[in-house]
Every structure is written in C-alpha cells, then in structure tokens.
Amino acid sequence: MSNARILVIYYSHEGNTRFVAQTIAEAVGADLLELKPTKELRPQGLMKYAWGGGQVMMKTRPELQPLDRDPAAYDLLFIGTPVWAWNYAPPLRSFIHSARLSGKQVALFCCHGGDPSKTLPNMIKALEGNEVLGALDLRSPLDHREETARRAADWARGIAGE
Ligand SMILES: Cc1cc2nc3c(=O)[nH]c(=O)nc-3n(C[C@H](O)[C@H](O)[C@H](O)COP(=O)(O)O)c2cc1C
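First, a word on what this report is: a plain description of the structure on this page. (Residues numbered from 1 in each chain as written. Predicted model: local features only at pLDDT ≥ 70, side-chain atom pairs only at ≥ 80, totals over all residues. Heavy atoms only, no water.)

**Remarks on the layout of surface pockets**
Empty space within the largest pocket amounts to approximately 550 Å³. Along the wall of the largest pocket there are 23 residues; nearest its centre are E14, Y49, V83, W84 and G113. The set of elements that each furnish at least two residues to the lining of the largest pocket consists of α1 (16-28), α2 (46-57), β3 (76-84) and β5 (105-112). Here the element with the most residues in the lining of the largest pocket is α2; it accounts for four residues. The residue inventory of the lining of the largest pocket, partitioned by class, reads eight nonpolar, 11 polar and four charged. One number sums up the size of the second largest pocket: a volume of about 150 Å³. In this structure, the second largest pocket is lined by 13 residues; those nearest its centre are P37, K39, W51, Q55 and P62. (1 Å grid on protein atoms, 1.4 Å probe; cavity = no way out; pocket = protein on both sides within 12 Å on 5 of 7 lines; lining within 4 Å. Points joined across faces, edges and corners; volume = space filled by probe spheres on them. Helix = DSSP H or I, 4+ residues; strand = E, 2+ residues; numbered from the N terminus. Nonpolar A, V, L, I, M, F, W, Y, C, P; charged D, E, K, R; others polar.)

**Structural notes on the pairing of strand β2 (residues 31-34)**
Strand direction decides the pairing type here: strand β1 (residues 6-10) and β2, joined by four bridges, are parallel. Its bridge partner lying in β2, L7 is registered against D31. Once the chain exits β1 it traverses α1 before rejoining the sheet at β2, and the crossover so formed is right-handed. (Pairing = 2+ DSSP bridges. Right-handed = clockwise from strand over helix to strand, strands pointing away.)

**Points about the site of the ligand**
Neighbouring the ligand are 20 residues, the closest being S12, N16, T17, V83 and D115. At 2.7 Å from an oxygen atom of the ligand is found a side-chain nitrogen or oxygen belonging to N16. Look at the ligand: alone it shows 640 Å² of surface, and the protein chains cover 89% of it. A molecule is said to occupy a pocket when more than half its atoms come within 2 Å of that pocket's grid points, and by this definition the ligand occupies the largest pocket. Elements with a contribution of two residues or more to the shell around the ligand: α1, α2, β3 and β5. (Near = heavy atom within 4 Å. Polar contact = N/O pair within 3.5 Å; in protein donor to acceptor, adjacent residues only side chain to side chain. Areas by Shrake-Rupley, 256 points an atom, 1.4 Å probe, with all protein chains shown as cover. Sits in = over half its atoms within 2 Å of the grid points.)

Right under this line is the structure:
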C-alpha cells in the first residue's frame, strides 16, 4: 500500500491520543485530522469524569468544528480516541455518525488509564461496513513516550504495509 493516501483522525482531551496520532502520521507519512468540539469545557479533578462520563452514558454527539480534511479522499483511515467511561469519547460518536464511512480500510487505536474495556469492539461495531485492518490499545502514552512511540509506529507501519 505504498502510495496509499492515509489520514489519522483523532480526538484528544489531554494530549495522549494526539501524541500517538502524530507518531503514527510521521511513521507512515499520513495527514492529520483533529476532531474539535465547538464547545470544549476543561473541568478539573473529579468534575472531569462526571462531565465526560455523563456525555458517554447519554451517548451525546457534541457539535464539531468543520473538518479541515475530507476522509473520503483517503484510502486508509487510522482513527483514535481516549477511553472515556469504558467507551470511545463523544466527539468520535459525532464523527462516526456524520461521516457515514463505508467501504474504507480503517485501523483503530485508543489511549486509556488501564481499562480500555470494550472501546475498540464498540468502535468496530459503529464502523460496520468498513474493513478493519487492526486495533491497538495503549496505556497512558505520555507516561511511556519512547515505548509507546515505538509500539505505535511499528503497528502503523505493519498496517500500512511498509
Ligand atoms: C471523562 C474521562 C473518563 C475516563 N474513563 C476511563 C476509563 O473508563 N478507562 C480508562 O482506562 N481510562 C479512562 N480515562 C483516562 C483516559 O482514557 C486516559 O487518560 C487517556 O490517555 C486520555 O487521552 P487524551 O490525553 O488523549 O485525552 C478517562 C478519562 C476521562 C477524562
């Protein structure tokens, strides 16, 4: 797949998923698309979990800023999320719902603090109709930068056939 057009799509609240997304993009020569809600609160401490977990439980789909890349123009999509309340984060729900991807090759990754639970299977289900080439979960990437970068880059190169 050496001439494939590859896009890394991600949301990140605290930088871990962004770090992995940037690592993957660099490893396989991909473009980046960050999903940004139009209203992003920054609650601290336990409020953060109530705010984020509540949105997951309610299956909210926050409004996103206009996308600056068109996923339809790419052959392979890496899609990454932090794990929130044992699931993918709400901006991913917005994206998957509005983009209505089908017939794409996709590879999924998530960043978590120790319990990814069913995040990746849930994403695979939400992306039915696409070909899933791989799924990777990574624990606290910013606490293990070198090891995470190596794992993510090796995984991504394997998926992209490089
Ligand atoms: C609202 C909220 C809910 C979370 N729920 C989980 C969880 O269910 N399981 C887990 O392992 N980590 C959980 N975490 C930790 C994050 O998944 C982890 O810190 C991740 O690396 C954050 O990615 P980011 O820096 O890209 O936002 C949660 C964090 C937040 C803010």
